[in-house]
Amino acid sequence: MLKMIAGAKIENNQNLSQGYEISENQLTANADADNIRNVMENFMDMNENIPLFLFIEVPSNLKDEKVAETFEDGAVAVDTPHKDVYYLDGVPAGSLKKILAPLYEILINDGLSAFGVGNPYGDEIGKYKYNVMVLYSRNNTDKYKQIFENNGILKTDNFVTAWDTFSDETPGTSEMYSDSK
């Protein structure tokens, strides 16, 4: 069973496990919450001599969205949700690790945001909702397989993400994570 991040709740996670699949230019993986940091840092290690970038995606402020419906409990639905994306570019891997170290717990466990790192040659890895990680490479995904495999995330022919388990009866819930320490 996949160990979910704190900010994600799903009904049918007993069908989920670590694993990855390969498509044309990307590796898509389910990663246990405890493995996400190692996977990110392994990517940075493989690109230690290249300036890297950090990206963080957060939901846009509700006041900037077009509200489609307001429910009795105060919840709202928006037409097309948007994201605000923040970049920090040209950072050496060692410095990027130092920047991320105190932020990992929040970035990994937050169910609403996404984050990742990349290089200027078209390779990047990100953590997205429900423990899904995507590694994109413009030229060579094969060289990055070891990042997942070294962390116990093996290639599978029956890849299932949380998104595949959702229905009207069994939806997923993503929520903001707050570090209460």
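Residues numbered from 1 in each chain as written. Predicted model: local features only at pLDDT ≥ 70, side-chain atom pairs only at ≥ 80, totals over all residues. Heavy atoms only, no water.

### What to know about the packing of helix α1 (residues 36-46) against helix α2 (residues 93-100)
Stage number 1. At a minimum axis separation of 9 Å, α1 and α2 run at an interaxial angle of 160°. For the element pair α1 / α2, the angle class is roughly antiparallel. Viewed along their axes, α1 and α2 form a crossing whose handedness is right-handed. Every residue of α2 that contacts α1 at E41, M44 and D45 is listed here: A93, L96, K97 and L100. (Axes fitted to C-alpha atoms, helices over the stretch in contact; angles between N-to-C directions. Helix = DSSP H or I, 4+ residues; strand = E, 2+ residues; numbered from the N terminus. Parallel < 35°, antiparallel > 145°, perpendicular 65-115°, else oblique. Left-handed = near helix turned anticlockwise from the far one by under 90°. Contact = heavy atoms within 4.5 Å.)

### Digging into the nonpolar core
Stage number 1. One finds M44, V117, I125 and F148 to be the most contacted residues of the largest nonpolar core, which totals 36 residues.
Stage number 2. Those elements giving two or more residues to this core turn out to be β3 (26-30), α1, β4 (52-59), α2, α3 (104-109), β8 (114-118), β10 (132-137) and α4 (145-149).
Stage number 3. For this core, the leading source of residues is α1, giving 5 residues.
Stage number 4. Setting aside its immediate chain neighbours within four residues, V117 contacts M40, F43, M44, F53, L54, F55, L96, L100, D123, E124 and I125. (Core = buried A, V, L, I, M, F, W, Y, C linked by side-chain atoms within 4.5 Å. Buried < 20%, exposed > 50% of the residue type's maximum accessible area, 1.4 Å probe, protein only.)

### Describing the environment of T156
Stage number 1. For T156, the position within the fold is in the loop between α4 and β11 (173-174).
Stage number 2. It is 5.9 Å that separates the C-alpha atoms of T156 and Y20, two residues lying 136 residues apart in sequence.

### Brief notes about the packing of aromatic side chains
Stage number 1. Summed over the entire model, instances satisfying the criterion amount to 7 aromatic pairs.
Stage number 2. Ring geometry for F43 against Y144: centres 5.2 Å apart, planes inclined by 25°, an arrangement best described as stacked. You can see F43 sitting in helix α1 and its partner Y144 sitting in the loop between β10 and α4, a full 101 residues away along the chain. With respect to burial, F43 and Y144 carry one shared label: buried.
Stage number 3. For the ring pair Y130 and W163, a centre distance of 5.1 Å and an interplane angle of 90° mean the geometry is edge-to-face. With Y130 in the loop between β9 (123-127) and β10 and W163 in the loop between α4 and β11, this residue pair connects regions lying 33 residues apart in the sequence.
Stage number 4. Here the aromatic residues Y130, W163 and F166 are joined through ring pairs into a cluster of three or more. (Phe/Tyr/Trp six-rings, centres within 6.5 Å; stacked < 30°, edge-to-face > 60°.)

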